[in-house]
Amino acid sequence: MTETVGRPWVRADARAKVTGQAKFPGDFGMADMVHAKILFADRPHARVVSIDTSEAAQVEGVVAIFTAQDVPVNEYGLQTADQPVLCGPGSGKPGADVVRFVGDQVALVVADTRAAAEQARGLMEITYEDLPVVSDPFEALKPGAPQIHPGREASELHPELSTEGNFICHHQIRKGDMEAGWAQADVVVEGQYHTPGQEHAYLQPEAGLAYIDDEGRVAVVVAGQWAWEDQRQIAHALDIPVEEIRVIYPAIGGAFGGREDMSVQIVLALAAYRLQRPVKITWTREESIRGHCKRHPMWFRCKWGATREGELVAAEVQVVADGGAYCYTTNKVLGNTTITCTGPYAFPNAKVDVDGVYTNNPPSGAMRGFGAPQGIFAAEMQMNKLAEALGMDPVALRMRNLLQDEMPTTTGTPLAGGVHLQEVTERCALAAGWERAEEGWRKPAAKGVALAGRPKEAMRTGMGMAVGFKNVGFSFGYQENCWLRIELRGEDDIERAIVTIGTADVGQGAHTVLQQMAAEALQVSMERVSLEASDTGTSPGSSGSASASRTTFMAGNAIREAAALALDGWREGERPAVVEHTYLAPETTPLDPDTGEGFPNFAYGYVAQVVEVVVDVETGELRVRRVVCADDVGKAINPEQVEGQIEGGVVQAMGWVTCENFIAQAGRVLTPHLSTYLIPTIADVPERMETIIVEKPDPRGPWGARGMGEMPFLPLAPALLAAVHDATGVWIDEFPLTPERVLRSLRDGGSLLECDWE
Amino acid sequence: MKPFTYAAASSLEDVVGALDEGCRPLAGGTDLLGLMKTGIRGPERLVSLKSIEALEGVERREDGWRIGALTTLSELASPARGGEQRELEVLSRAAAESASPQLRNAATIGGNLLQWPRCWYFRNWLTRCWLKGGDRCLAAGGENRYHAILGAARCHMVHPSDPAVALAALDARVELRGVHGVRTLKIDAFFGEPKPLRENGTVVERDEVITAVVVPRPSRESRGVYVKLAERKVWDFALVSAAVQIEMTEGAVTDAAIVLGGVAAKPWHAFEAEGRLVGEALTGTAMEAAASAATAGAVSLSQNGYKIELAEGAVREALRRLQRTFGSESTGVG
């Protein structure tokens, strides 16, 4: 009847957003509302000795001041509850009196006006006893280093979490026989790499409103990625039943992983619960940049070997990741790094060691790509260097080694859902100008350019390529699931289909895609489908997080299965026909702690990119002239949105590689404003952007769809650095590529990374 | 933010009479309000200058221009009158390459010259650097990739203004009005040494406001360019910039102003480079000599040595552009 899947439907939220009608968390207000301000620690490591609120409480309009002793269960965390809600004495939670990074929260000041709350916050008297700060993960692992979380207990749920020293977690892979591998290797390439942190820089800084709803529940209106999980953590900290907490997501101004972990949720709920009044908070941009997590900075040491003919025989990779002050999702992020740091290649022999480390830096957590961009960077740098060392074309070397169906990865099992790495690589290379001649692949010759009158000898052009892959969902043994409810109303025909689901639309257009899939599955028009989403008050089950490229896959399958059940009921005469259903993704396993063996994921997406750059060797400036991206999305449910995700992913990755530079000195953030933390503008984006949507269906994906939101981010960094090498002859093994770094690397003939690996 | 009162000024006399440590003038507010929000500044009273007509407008005179202090960067970026476009090219380019369109619409030339340093230790409300009364410059032993390579002593700030660099190349004067009357200072004298309570590096007294910038008319044979190098293509402060204004007579340079931005607490006149050019034709050799002389005396900290290379590159590029400008004019092209 209708064919809604595969068509570029205009986003359901587009009109409201462009006309200013859409309400974001900061847009909500209520009668009798009070305003809250958080007192941040502003110091990287200290014990809170005492808190004197007396002067602050005198400020006219102050309603309440909450500190650690007011939090019933003073701990939270997505993977492990290692972070105090409010740091300070008196909560009974061991270690909760210590602040571990500048964004730790010490008190919540609530007043009739924002000005009064701010003024009172300034009058809070906190006595700190500063503790030694460790901000370098290599230093943090040395004997005698300050301990960030002493006395941790082993986790049954997450055995990869460590209790030793400042180790957060460890993953490792032991595959084949390394000695035999090196014996076969004619060419060995060794490299060290560093990938920096990254700020999410979403448009909407953290904000929220908490109030007591009509049913007496504590309702929190906030932007997040996983309402059900927010609800669970709030209830835990407040020590009240989960049903008494309600989390509502209105329009969300971007997330990119930065809202996976919580910011204002618990303190807002606490204040509303205690005061029985609506409480509102809005963070400034500085508070946002200091207060939420960042992408994990990582250091890599790699040694790869290949035969003269270009067959990969052995890889040894060691990774150290700065996890910052709290675990957040470090263990999961590093699982992805573990399986991606040897690239999408079939290695018979591999040894991988990945450590997450606590420091006094802002916590590292989820961010688009979730550990894969870092792993893929190191892997693809190695691959491009290997191609150079072998005198082989980089496409030819990849085509020889890319994983295919049924080939075991380093975890000993094949990638699930059909492997199309060769397709994306081939499509991308051909579109970028590679020739497939009889003797093999041939890269197009570089063309000189004259730009804005700059002298030709200063302008070097280059082209580079890289390939990436990433899993869909968290998995690694976690049973991925998605709850939803479908209600079909009408008499003879279905007049209205109501889909209720917890899934967040974080700005990526998920709700439109869900509506499309529901219309398709129920064979009704788009107008007849209405979506009730992102409210734990209406969605008692977990629909999972809007992250890990999982939403389309998980919710799509849930819709497909539930729609079939609902239609069965409808045909049997149920009016309305109602189905509540949880889709369970195929089972996975954690990685074996000794060998890394396992079946960590049920689905993957594949991507290849070619980047063309011009490097001005006199000024160190870069210009990205062209990006070609081939992305296997299985099935583009909404091709226009897929293209938008690809372009957005490329631009965000360009920011990471070129101009974004998050700088903290001994744990103190020096770039808390968007005037020093530079995100790309429209003038910085690639001059040409060509997206190739490849549709090789995943047999278990809804309509064949794979996850795709993170994949376009993955290959950009190594492809861009390969292009810079092609242009200048110099390998730069770290970024961002500021003029300073480019000029220094050109002068030194490369990066001079020095890490204390012992 | 500390509470403050606000008033619109009735006259220039009243303003200068009212100004003191706690009472500060407000124009575009693009810098001051941000500093107040983060608590770096906390005036008790703000007096808006926006109501004073005498501070508005660009007046064209026989010998040059009088640019009212309230003239916005947008106005400078696109001068309405045709003739000015070429004569003030260096200034309009510098204004056009500053900040973002929204900021340029609000920011005034007076406020632009009075900007506070962007140094992240100065802007961080939690640190106490030498400029804020502490005992040492935190950049000297810290993160200093954006800091000064020329003329720094106790403090390593760089002045963030683009237009100031162009104004120095045009030999402009700043007109100040205070309780004791009017004084006019060359850009070089307007910027003194940064010191506590003089954090923006200027010699402006507490009771003084900038009333205008006076720019002498360049000769008919004079041309200028502005080259800005930054980490982002737009809306970024200069890592290094160069404003170069050159007069050519019968194929030889008869006057040259080479001023660097982003390298010192003030627009930095590269006198030695200027000396290398005067009397020479704009040949590759002469341009190279000038470029490499531009950073004479530079001293780098641990992370900012690249600015020496960038400064020389910026001067080289500016001279190349001027070579093309003069070349195309003499052959009647363009």
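Rules behind the numbers
Residues numbered from 1 in each chain as written. Chains lettered and ligands numbered in written order. Predicted model: local features only at pLDDT ≥ 70, side-chain atom pairs only at ≥ 80, totals over all residues. Heavy atoms only, no water. Helix = DSSP H or I, 4+ residues; strand = E, 2+ residues; numbered from the N terminus. Rg over C-alpha atoms; globule rule 2.2 N^0.38 Å. Buried < 20%, exposed > 50% of the residue type's maximum accessible area, 1.4 Å probe, protein only. pLDDT = per-residue confidence, 0-100. Phe/Tyr/Trp six-rings, centres within 6.5 Å; stacked < 30°, edge-to-face > 60°. Lys NZ or Arg CZ within 6 Å of the ring centre and 35° of its normal. Axes fitted to C-alpha atoms, helices over the stretch in contact; angles between N-to-C directions. Parallel < 35°, antiparallel > 145°, perpendicular 65-115°, else oblique. Left-handed = near helix turned anticlockwise from the far one by under 90°. Contact = heavy atoms within 4.5 Å. Patch = residues over 30% accessible without salt bridge, like charges linked within 9 Å, V, L, I, M, F, W, Y side chains within 5 Å. Areas by Shrake-Rupley, 256 points an atom, 1.4 Å probe, with all protein chains shown as cover. Salt bridge = Lys/Arg side-chain N within 4 Å of Asp/Glu carboxyl O. Lys, Arg positive; Asp, Glu negative; His and termini not counted. Charge placed at Lys NZ, Arg CZ, Asp CG, Glu CD. Pairing = 2+ DSSP bridges. Nonpolar A, V, L, I, M, F, W, Y, C, P; charged D, E, K, R; others polar. Right-handed = clockwise from strand over helix to strand, strands pointing away. Polar contact = N/O pair within 3.5 Å; in protein donor to acceptor, adjacent residues only side chain to side chain. Buried area = accessible area lost by both parts, 1.4 Å probe. Domains from an automatic or database assignment.

Check the secondary structure of chain B and you find 13 helices and 12 strands. Taken over the C-alpha trace, chain B has a radius of gyration of 20 Å; the compact-globule value for 334 residues is 20 Å, and the two agree within 12%. Dimensions of chain B, computed from the C-alpha atoms along their principal axes, are close to 60 × 50 × 35 Å. Here chain B holds 334 residues, and 55% of them are scored as buried.

Averaged over every residue, the pLDDT of chain B is 94; the share at 70 or more is 97%. We note a pTM of 0.96 for the whole complex and an ipTM of 0.93 for its interfaces.

Within the structure shown, the criterion is met by 18 aromatic pairs over all chains. Judged by centre distance (5.9 Å) and plane angle (85 degrees), the ring pair of Tyr193(A) and Phe377(A) falls under edge-to-face. Taken together, the residues span a long stretch of sequence, with Tyr193(A) in strand β8 (residues 187–195) and Phe377(A) in helix α10 (residues 372–390) at a distance of 184 residues. Exposure class is identical for Tyr193(A) and Phe377(A). Each is buried. Measuring from centroid to centroid gives 5.0 Å for Phe190(B) and Phe191(B), while their planes differ by 85 degrees, and the two rings are edge-to-face. The exposure classification of Phe190(B) matches that of Phe191(B), with both residues buried. Taken together, the aromatic side chains of Tyr193(A), Phe377(A), Trp656(A), Phe713(A) and Phe735(A) make up a single cluster linked through ring pairs. In this arrangement the basic side chain of Arg295(A) is found over the ring face of Trp656(A), its NZ or CZ atom lying 4.9 Å from the centre.

We now examine the packing of helix α9 (residues 330–340) of chain A against α10(A). Residue and element names in this part refer to chain A. Direction vectors running N to C along α9 and α10 enclose 20 degrees, while the axes themselves pass 7 Å from each other. Between α9 and α10, the crossing angle belongs to the class labelled roughly parallel. Our pair here, α9 against α10, has a crossing hand that is right-handed. Of α10, the residues touching α9 (which contributes Asn 336, Thr 337 and Thr 340) are Ala 372, Gly 375, Ile 376 and Ala 379.

Residues and elements named next belong to chain A. A cluster of acidic side chains, namely Glu 491, Asp 492, Asp 493 and Glu 495, defines a negative patch on the protein surface. By the element assignment, Glu 495 lies in strand β20 (residues 494–501). With a relative accessible area of 47%, Glu 495 lands in the partly exposed category.

Okay, the sheet that holds strand β22 (residues 577–584) of chain A next. All names here are of chain A. Strands sit in the order β21-β20-β19-β22 across an open sheet of four strands; the sheet is mixed. Each edge of the sheet is formed by a strand with only one pairing partner; in this case those strands are β21 (529–533) and β22. Mean inter-strand twist for the sheet, computed between neighbouring axes without regard to direction, equals 20 degrees. Bridge count for β20 against β21 is five bridges, and the pairing is parallel. When the sheet's bridge partners are listed, Ala 497 is paired in β21 with Val 529. Lying on the sheet, helix α14 (residues 551–571) is in contact with β19 (481–490), β20 and β22; it crosses β19 at an angle near 35 degrees.

Here the focus is the packing of helix α17 (residues 739–748) of chain A against helix α13 (residues 306–330) of chain B. Viewed as axis vectors pointing N to C, α17(A) and α13(B) meet at an angle of 100 degrees, and their least axial separation amounts to 10 Å. When the axes of α17(A) and α13(B) are compared, the pair comes out roughly perpendicular. On the side of α17(A), the interface is formed by Pro739(A), Glu740(A), Leu743(A) and Arg747(A), while α13(B) contributes Tyr306(B), Glu309(B) and Leu310(B). Of the residues belonging to the contact of α17(A) with α13(B), the class tally is four nonpolar, no polar and three charged.

For α17(A), the set of buried residues is Pro739(A), Glu740(A), Arg741(A), Val742(A), Leu743(A) and Ser745(A). Against β23 (604–616) of chain A together with α13 of chain B lie the buried residues of α17(A). Backbone geometry just downstream of α17(A) places Gly749(A) in the positive-phi region, at approximately 75 degrees.

The next subject is the pattern of salt bridges. Residue and element names in this part refer to chain A. Here the structure, examined in full by the defined rule, presents 67 salt bridges over all chains. Residues Lys 443 and Asp 726 are paired through a salt bridge, measuring 2.8 Å at the closest nitrogen-oxygen approach. Of this pair, Lys 443 sits in the loop between β17 (440–442) and β18 (459–471) while Asp 726 sits in helix α16 (residues 716–728), placing them 283 residues apart in sequence. Overall, Lys 443 belongs to the partly exposed group, its relative accessible area being 27%.

A contiguous nonpolar patch, built from Met1(B), Phe4(B) and Tyr6(B) and spanning about 320 Å² of accessible area, is present on the exposed surface. Within the secondary structure, Met1(B) sits in the segment before β1 (5–8).

All names here are of chain A. Every second residue of strand β11 (residues 245–248) is oriented toward a common face, with Ile 245 and Val 247 on one face and Arg 246 and Ile 248 on the other, all of them buried. By the bridge criterion, four bridges tie strand β10 (residues 218–222) to β11 in an arrangement that is parallel. Paired with Ala 219 across the two strands is Arg 246, which belongs to β11. The parallel pair β10 and β11, bridged by helix α6 (residues 227–238), forms a crossover whose chirality is right-handed.

Let's shift gears to the environment of Glu561(A). Residue and element names in this part refer to chain A. Here Glu 561 lies in helix α14. Relative accessible area serves as the criterion here: at 35%, Glu 561 is assigned to the partly exposed category. The sequence separation of Glu 561 and Ala 497 amounts to 64 residues, and the corresponding C-alpha distance is 15 Å. Other than its neighbours up to four places away in sequence, Glu 561 contacts His 581 and Tyr 583. For Glu 561, the side chain forms a polar contact with the side chain of His 581, separated by 2.6 Å.

Further remarks concern the interface of chain A and chain B. Contacts between the two partners involve 36 residues from chain A, matched on the other side by 29 residues from chain B. For the pair chain A and chain B, the two sides together bury roughly 2900 Å², of which 56% comes from carbon and sulfur. Viewed at the interface, chain B and chain A are joined by four salt bridges. A salt bridge links Glu618(A) to Arg316(B), with the nearest nitrogen and oxygen atoms 3.6 Å apart. Our count for the contact surface shared by chain A and chain B stands at nine residue pairs in polar contact (both at pLDDT 80 or more).

Turning to the domain arrangement of chain A, a few remarks are in order. Residues and elements named next belong to chain A. Assigned domains of chain A: these are domain 1 (34–131 + 206–282), domain 2 (298–404 + 415–474 + 593–748) and domain 3 (481–584). Each partner contributes residues to the interface: domain 2 has 22 residues there, and domain 3 has 19 residues. The largest share of the area that domain 2 buries against domain 3 comes from Ile 637, Pro 702 and Trp 703, three residues that together contribute 35% of it. Here domain 2 is connected to domain 3 by zero salt bridges. In this structure, the connection of domain 2 to domain 3 is made through six residue pairs in polar contact (both at pLDDT 80 or more). Broken down by secondary-structure element, the contributors of at least two residues to the side of domain 2 that touches domain 3 are β18 and α15 (639–658).

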